[in-house]
Amino acid sequence: MNPPLTPADTAEGTAQQADLWQPVLLRALAALTFGALTVFWPGPSVEVMGISGGLYLLATGLLMLWGLPRTGFVRSGAPGKILSAGGAALTGAGAAALLLHGDGVFTVVAALGLGIAGAAELYCGLRYRGRHVLARDWVASGTIGLGTAAALPFFTSLGAHALLGVAGGGAIISGVLWVLSGLSLRHDSRPASSKP
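No experiment lies behind these values; they were computed from the predicted model shown.

### Let's talk about the nonpolar core
Counting residues in hydrophobic clusters, the biggest one holds 23 residues, and the most contacted among them are Leu57 and Leu152. Here leucine 57 is in contact with Leu90, Thr91, Ala93, Gly94, Ala110 and Leu114, once residues within four sequence places are set aside. Within the second largest apolar cluster, 13 residues are counted, among which are Leu83, Tyr128, Trp138 and Leu177.

Structure, rendered in structure tokens:
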């Protein structure tokens, strides 16, 4: 049985903030924008892969870090530290991908960033299942991140288009997930009098 959330884990003991939908929808937008780019760019160069992939990883990591207080978790609590580590890993991977270009480099930094962030989200999703509004989304997003990280090395030799296809495919799937979550959170945060 999972232990209950304690005030040390959450800000003022709350696990659902009214404005949680904002970072969730922004994260979805970043993922879907990157995913669309990978679908419609017919022959991306290594530089395009590094810049677009780096911006996606960087934006996702920064949005994870920015949205953390809105989850109700404080950075000094165990779940806050774990999710912060995931966001920091994505941010670092994004910066590395922006600066260093190459198929192997992108594979390593993207797999590390997505893998660490995916593991952090999966852990928090499983640990706080049924007790946090984002738990199911973290499980799904963490699984997608870990799957994408595990698949990337198998496509390194196929070049930028294949690597972007794998990363973009994971981004599209997680982006759709986060859109649905964000819209649900936005609907649930509206006052009862304004709901249809």
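### A short note on the packing of helix α1 (residues 21-40) against helix α2 (residues 46-67)
Viewed as axis vectors pointing N to C, α1 and α2 meet at an angle of 170°, and their least axial separation amounts to 9 Å. On the basis of their axis angle, the class for α1 and α2 is roughly antiparallel. Facing Gln22, Pro23, Leu26, Arg27, Ala30, Ala31, Phe34 and Leu37 of α1, the residues of α2 in contact are Ser52, Gly53, Tyr56, Ala59, Thr60, Leu63, Met64, Trp66 and Gly67. Within the contact of α1 with α2, the residues separate by chemical class into eleven nonpolar, five polar and one charged.

### Overview of helix α3 (residues 78-99)
With 22 residues, α3 extends 32 Å between its outermost C-alpha atoms, agreeing within 8% with the 32 Å of an ideal straight helix rising 1.5 Å per residue. Buried residues belonging to α3 abut α2, α4 (103-127) and α5 (135-151).

### Focus: the side chain of serine 141
One can find serine 141 in helix α5. The class of serine 141 is buried, set by a relative accessible area of 5%. A polar atom in the side chain of serine 141 sits 3.3 Å from the side chain of tryptophan 178.

What counts, and at which threshold
- Residues numbered from 1 in each chain as written.
- Predicted model: local features only at pLDDT ≥ 70, side-chain atom pairs only at ≥ 80, totals over all residues.
- Heavy atoms only, no water.
- Core = buried A, V, L, I, M, F, W, Y, C linked by side-chain atoms within 4.5 Å.
- Buried < 20%, exposed > 50% of the residue type's maximum accessible area, 1.4 Å probe, protein only.
- Contact = heavy atoms within 4.5 Å.
- Axes fitted to C-alpha atoms, helices over the stretch in contact; angles between N-to-C directions.
- Helix = DSSP H or I, 4+ residues; strand = E, 2+ residues; numbered from the N terminus.
- Parallel < 35°, antiparallel > 145°, perpendicular 65-115°, else oblique.
- Nonpolar A, V, L, I, M, F, W, Y, C, P; charged D, E, K, R; others polar.
- Expected span 1.5 Å × (residues − 1).
- Polar contact = N/O pair within 3.5 Å; in protein donor to acceptor, adjacent residues only side chain to side chain.

On their own, these measurements won't tell you what the molecule is for.
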